[in-house]
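Chains, contacts and geometry: an overview
One letter stands for each residue in the lines below.
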Amino acid sequence: MSIVSLLGINVLNNPAKFADPYEFEITFECLEPLKKDLEWKLTYVGSSRSLDHDQELDSILVGPVPVGVNKFQFTADPPSPELIPASELVSVTVILLSCSYDGREFVRVGYYVNNEYDNEELRENPPAKVQVNQVVRNILAEKPRVTRFNIIWDNEQGEEYPPEQPEMEAEDVDDEEVEEEEEGEGEEDEDEEDDIEVEEEAEQDDDTNTAKKAKDSNKDATQSEVEDPEGPESKKRKLKDSDEAEAEEIDLENDEDDEEIDLVDEEEVDDDEDGREEEADKEPTVETVPTPQDTTTASASEPEP
C-alpha cells in the first residue's frame, strides 16, 4: 500500500506563452510519518524520436511531510527552445510531473501540450524560422495520464514490485503509448478478422443450407419418379385419354340429342299421316244408283220364265 496518495493537480497558468513558467498546485495525502523528503520533478519531452532533447525543467524537495492532507505550489522554468528541434518546436508534445521517495518513483502524471502560433496568418503560413515569442502553449489539463508504482517505504520489507524505477525517461512514456496504440490496432484487426470469419461462416452455412435444400428437392423429385413409374409421358397419355373420354361423352350426349330430335320428327310425321287417314275416312262415299234406263235394260234382258 502506498503511504503517499496524490489527490489532485491544478494547472494555474493555462494557456500561456511558450516562454512563461509552468505553475501547478499539488494536493496529496500522507498516511504515516516519513523519514525523508518527497522529490517532485517536471520534465519536458523535446522530441518523440530521441531522449537527447528532453529537459528537466525543475525539481524540488518537499519535507518534512506531516501526516494528513498537504498542498503546495510547484513552479518550473520553461524549456530552452535551442535544445528542441525546429521541426518539433511548434507541435504537440508531453510534460511529465513525477514524485519519488528515497530515489524511487511512485507516481507519474503526463500531460499533452499543444504549441502553436497565436496568429492565424502564421498558423496558415508558418515562417521558415520559428518565432518563439509568437508561440503559445495549451496544456490538456482535463486529460492527465496517471501511472502509479509500488515501492518500499520506511517500515516495509521485501522486494519491490515492480523493481526500483530508474531516473524518469520520457521515452518510457512514448514507448508505452506506442505499445498501447499497437495493442489497440491489434485488437481492432482481431475484431475485423473475427467479423470476417463470422461472415464467411455465415456464407458457408447459407451455401450448405442451399445445397442441402437442392439435394432434398432432387431427392423428393427422385422419390416421386420412383413412386410414379409411369412417368410424365404416361401422365400425358392419361390426360389425353381423359380428354378423349370427355370428348366421347360430349359426342354421346350430342348423339342422344340428335336421336331425340329424330324421334320427335318421326312422331310428328306419323301424326301427320294418321290425320290424313282420318280425313280420308271422313270423306263421303258416293254410291252409284242405277238410272231407270238401266233398270229397263236389265228387265228386258232378263230371260223369260
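Procedures and definitions
- Residues numbered from 1 in each chain as written.
- Predicted model: local features only at pLDDT ≥ 70, side-chain atom pairs only at ≥ 80, totals over all residues.
- Heavy atoms only, no water.
- Salt bridge = Lys/Arg side-chain N within 4 Å of Asp/Glu carboxyl O.
- Helix = DSSP H or I, 4+ residues; strand = E, 2+ residues; numbered from the N terminus.
- Buried < 20%, exposed > 50% of the residue type's maximum accessible area, 1.4 Å probe, protein only.
- pLDDT = per-residue confidence, 0-100.
- Core = buried A, V, L, I, M, F, W, Y, C linked by side-chain atoms within 4.5 Å.

**Things to note about the pattern of salt bridges**
Counted according to the given criterion, the structure contains 6 salt bridges. Here D102 ties to K36 by a salt bridge, and the two come within 2.8 Å at their closest N and O atoms. One end of the pair, D102, is in the loop between β7 (92–101) and β8 (104–117); the other, K36, is in the loop between β3 (22–30) and β4 (38–45), with 66 residues separating them in the sequence. For E105, the salt bridge identified is with R108, shortest N-O distance 2.9 Å. Across the pair, R108 and E105 agree in class, each one buried. Salt bridges linked by common partners bring K36, D102 and R104 together as one network.

**Focus on the confidence of the model for the protein**
Per-residue confidence for the protein gives a mean pLDDT of 74, with 51% of residues at or over 70. The least confident element of the protein, judged by mean pLDDT, is helix α4 (residues 292–301) at 40; the most confident is β3 at 97.

**Examining the nonpolar core**
Burial of nonpolar side chains together is a common tendency in soluble globular proteins. Counting 38 residues, the largest nonpolar core has Y22, L34, L38, W40, L42, I95 and F106 as its most contacted members. Broken down by secondary-structure element, the contributors of at least two residues to this core are β1 (4–11), β3, β4, β5 (55–62), β6 (68–76), β7, β8 and β9 (135–139). Sorting elements by how many residues they give to this core places β8 first, with 6 residues.

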